Amino acid sequence: MIRSASRRVAGALVLVAGLAIGAAQLAAQSQAQPAPPESPLSALAPANISKSRPAAPFNLTGNWFIDNSPGIQGWLFGPATIPKLKPEAQEHRDAYLQAIKEGKVYRDDIGQCWPAGVPIIMTRVWPIAMIQLPTAIYMISEFMNSMRVVYLDGRSHTDPDIVVRTFNGESVGRWEGDTLVVETKNFTNDPHHWVDQGVPASDELRIIERIRMINNGQTLEIAMTLTDSKNWEGEWKGVRRWNRVNDHDIGEVECLPDLNEHLQSTSSKVHVR
Amino acid sequence: MKSVLFGAVAVALACAVPVLAHHSPAAFDRSKEVKLVGTVKDFRWQNPHTWIEVLVPDEKGKEVLWGVELTSPTYLIRAGWKSNTIKPGDKVTVVVNPVRSGEPAGIFRSLTLADGRVLTERPARLGTPDSK
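Another point: the overall build of chain A. Along the backbone of chain A there are four helices and 13 strands. The buried share among the 273 residues of chain A stands at 45%. Partitioning the contacts of chain A with sequence separation of at least 6, the portion at a separation of at least 24 is 59%. Counting only carbon and sulfur atoms, one obtains 56% of the accessible surface of chain A, whose full area is about 14400 Å².

Take a look at the structure:
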């Protein structure tokens, strides 16, 4: 009896010792691996969508097409408004102007199937479908079906140390009276990302859009302010208007690998790569 | 049949309304028009560009393959086009603004079919009163 009891006690001691060692190992591991960041609710999570919020001043759900009645210089980021460029950006701009002078095309990366990115998809003659939820606005440009999301659920921009930088950047919006104010940053530093007309974009690009719905809900007015300390001084401003389109749904648009084989202009000698 | 080149036809730049495209329009000389009289080799109805390949005899009778770039079917449908408007073998006359380099390629201006019908990329444009 006594011998049997001793064996049970010894076994229990071994078990306790094993558990203690295991717990110590787990504690050591948890110290070595930082805890993952807390994941906020997705913009499409029902629990997020159903949260109590003030009603949005307007709903821009619909299909929109840029008002190009002012002509090309009215909707491109035109020369009249280009700020003082930094030297490297000025070199690109000069090369762009020289190419025009020679009847050539400078760095038409979009034509080579690189993403247009923001702000170009917000300034071109391709429709954009917008779907507004309480938590976010989903924008899908028909131009290569590029997707842009403007988060409205109160989140901040992603930590720069973990954000994945993109051509469309990361957009966070808030309501100020009858205006939706959208701040977009965390852009890629890819050399194929352009603002417009020979002016490059960098990872320092930051865009503020002040969006109003006017003309009885038939027009969006988007006042844009761009800053990019790597490429120009101060602010670059422009206003675009988008008209509601009720008889068109956007379609699938792809820059397929063989597309340019049949569009000789994209491989023409007029291009300056 | 042969191609006819109209040098420096006064095409007002104001007429060069931007259309749906995935590349810069600067490659094309909007001040010139080239009239291509030839035979359709291929016609592709697709986004972001519809395109036509036309075989056009040059001055010596040698056939030259011209590439013609059109806008998206989004616009073309509104201008009366269908995916079967033309097919390989059709005799057509196509007017283009050529690329500045002189290569056999251009951006579309108009198409005249064998029965005399003329098609363009106009008139209806998105977001305008004639487009609801």
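This part covers the state of the cysteines. Residue and element names in this part refer to chain A. Throughout the structure, instances matching the rule amount to one disulfide over all chains. The residue that forms a disulfide with Cys113 is Cys255, at a sulfur-sulfur distance of 1.8 Å. Between Cys113 and Cys255 the disulfide shows an S-S torsion of about -60°. By sign, it is left-handed. Here Cys113 is found in the loop between β2 (105-106) and β3 (128-132), whereas its partner Cys255 is found in the loop between β12 (236-245) and β13 (271-272), with 142 residues between them in sequence.

This part takes up the nonpolar core. The biggest cluster of nonpolar side chains holds 42 residues, and the ones touching the most others in it are Leu60, Met130, Ile137, Ile211, Leu226 and Trp232 of chain A. Of the residues forming this core, the biggest block, four residues, is contributed by strand β11 (residues 219-227) of chain A. If we skip the residues at most four places from it in the chain, Ile137 of chain A touches Leu60, Met130, Ile131, Gln132, Arg148, Val149, Val150, Leu152 and Leu180 of chain A. Within the second largest apolar cluster, 21 residues are counted, among which are Val34, Leu36, Leu70 and Val92 of chain B.

Attention now goes to the sheet that holds β12 of chain A. All names here are of chain A. In spatial order, the strands read β1-β3-β4-β5-β6-β7-β10-β11-β12; together these nine strands close into a barrel with mixed pairing. Within the sheet, the average angular offset between the axes of one strand and its neighbour, ignoring direction, is 30°. Of the strand pairs in this sheet, strand β1 (residues 62-66) and β12 are connected by four bridges, and their pairing is antiparallel. Looking across to β12, one finds that Trp64 is bridged to Arg244.

Residue and element names in this part refer to chain A. The volume enclosed by the second largest pocket comes to roughly 330 Å³. Around the second largest pocket, the lining is made up of 18 residues, and of these Tyr151, Arg155, Thr158, Val163 and Glu170 lie nearest the centre. For the lining of the second largest pocket, the elements supplying multiple residues, two or more each, are β5 (147-151) and β6 (170-176). Examining the composition of the lining of the second largest pocket, we find that four residues originate from one element, β5, more than from any other. For the lining of the second largest pocket, a count of residues per class yields six nonpolar, eight polar and four charged.

Moving on to the pattern of salt bridges. Scanning all chains against the criterion turns up 17 salt bridges over all chains. For Glu102 of chain A, the salt bridge goes to Lys104 of chain A, with nearest N and O atoms at 3.9 Å. Judged by its relative accessible area of 44%, Glu102 of chain A falls in the partly exposed class. The shortest N-O distance in the salt bridge between Asp42 of chain B and Arg44 of chain B comes to 3.7 Å. Among the residues examined, Arg44 of chain B registers a relative accessible area of 32% and is labelled partly exposed.

A few words now on the environment of Arg206 of chain A. Residue and element names in this part refer to chain A. By the element assignment, Arg206 lies in strand β10 (residues 206-214). Non-local contacts of Arg206, meaning those with residues more than four positions away in its chain, are made with Glu183, Thr184, Thr225, Leu226 and Thr227. Within polar-contact distance, the side chain of Arg206 engages the side chain of Glu183 at 2.6 Å.

Take the confidence of the model for chain B next. Residues and elements named next belong to chain B. Mean pLDDT over chain B stands at 81; residues scoring 70 or higher make up 75%. Under a pLDDT of 50 for its full length, residues 1-17 has, in the predicted model, 35 contacts with residues more than four places off or in other chains. The complex model carries a pTM of 0.82, and its ipTM stands at 0.73.

Moving on, we come to the packing of aromatic side chains. Applying the stated criterion across every chain, the model contains eight aromatic pairs over all chains. Counting every residue linked through ring pairs, the aromatic cluster contains Phe43, Trp45, Trp81 and Phe108 of chain B. In this arrangement the basic side chain of Arg155 of chain A is found over the ring face of Tyr151 of chain A, its NZ or CZ atom lying 3.8 Å from the centre.

Residue and element names in this part refer to chain A. By secondary structure assignment, the location of His248 is in the loop between β12 and β13. The class for His248 is buried, based on a relative accessible area of 11%. Here Glu142 takes part through its side chain, which lies 3.4 Å from a polar atom of the side chain of His248.

This part is about unusual backbone geometry. Of note, the amide linkage connecting Val118 of chain A to Pro119 of chain A takes the cis form, showing an omega dihedral of 15°. Checked against the element boundaries, Pro119 of chain A lands in the loop between β2 and β3. Put simply, Asn47 of chain B and Pro48 of chain B share a cis peptide bond, and its omega is -5°. As for its position among the elements, Pro48 of chain B is in the loop between β2 (33-44) and β3 (51-57). With a phi angle near 45°, Gln197 of chain A is a residue other than glycine that sits in the positive phi range. For Gln197 of chain A, the location among the structural elements is in the loop between β8 (194-196) and β9 (199-200).

Thresholds applied
- Residues numbered from 1 in each chain as written.
- Chains lettered and ligands numbered in written order.
- Predicted model: local features only at pLDDT ≥ 70, side-chain atom pairs only at ≥ 80, totals over all residues.
- Heavy atoms only, no water.
- Helix = DSSP H or I, 4+ residues; strand = E, 2+ residues; numbered from the N terminus.
- Buried < 20%, exposed > 50% of the residue type's maximum accessible area, 1.4 Å probe, protein only.
- Contact = heavy atoms within 4.5 Å.
- Areas by Shrake-Rupley, 256 points an atom, 1.4 Å probe, with all protein chains shown as cover.
- Disulfide = S-S within 2.5 Å.
- Core = buried A, V, L, I, M, F, W, Y, C linked by side-chain atoms within 4.5 Å.
- Pairing = 2+ DSSP bridges.
- Axes fitted to C-alpha atoms, helices over the stretch in contact; angles between N-to-C directions.
- 1 Å grid on protein atoms, 1.4 Å probe; cavity = no way out; pocket = protein on both sides within 12 Å on 5 of 7 lines; lining within 4 Å.
- Points joined across faces, edges and corners; volume = space filled by probe spheres on them.
- Nonpolar A, V, L, I, M, F, W, Y, C, P; charged D, E, K, R; others polar.
- Salt bridge = Lys/Arg side-chain N within 4 Å of Asp/Glu carboxyl O.
- Polar contact = N/O pair within 3.5 Å; in protein donor to acceptor, adjacent residues only side chain to side chain.
- pLDDT = per-residue confidence, 0-100.
- Phe/Tyr/Trp six-rings, centres within 6.5 Å; stacked < 30°, edge-to-face > 60°.
- Lys NZ or Arg CZ within 6 Å of the ring centre and 35° of its normal.

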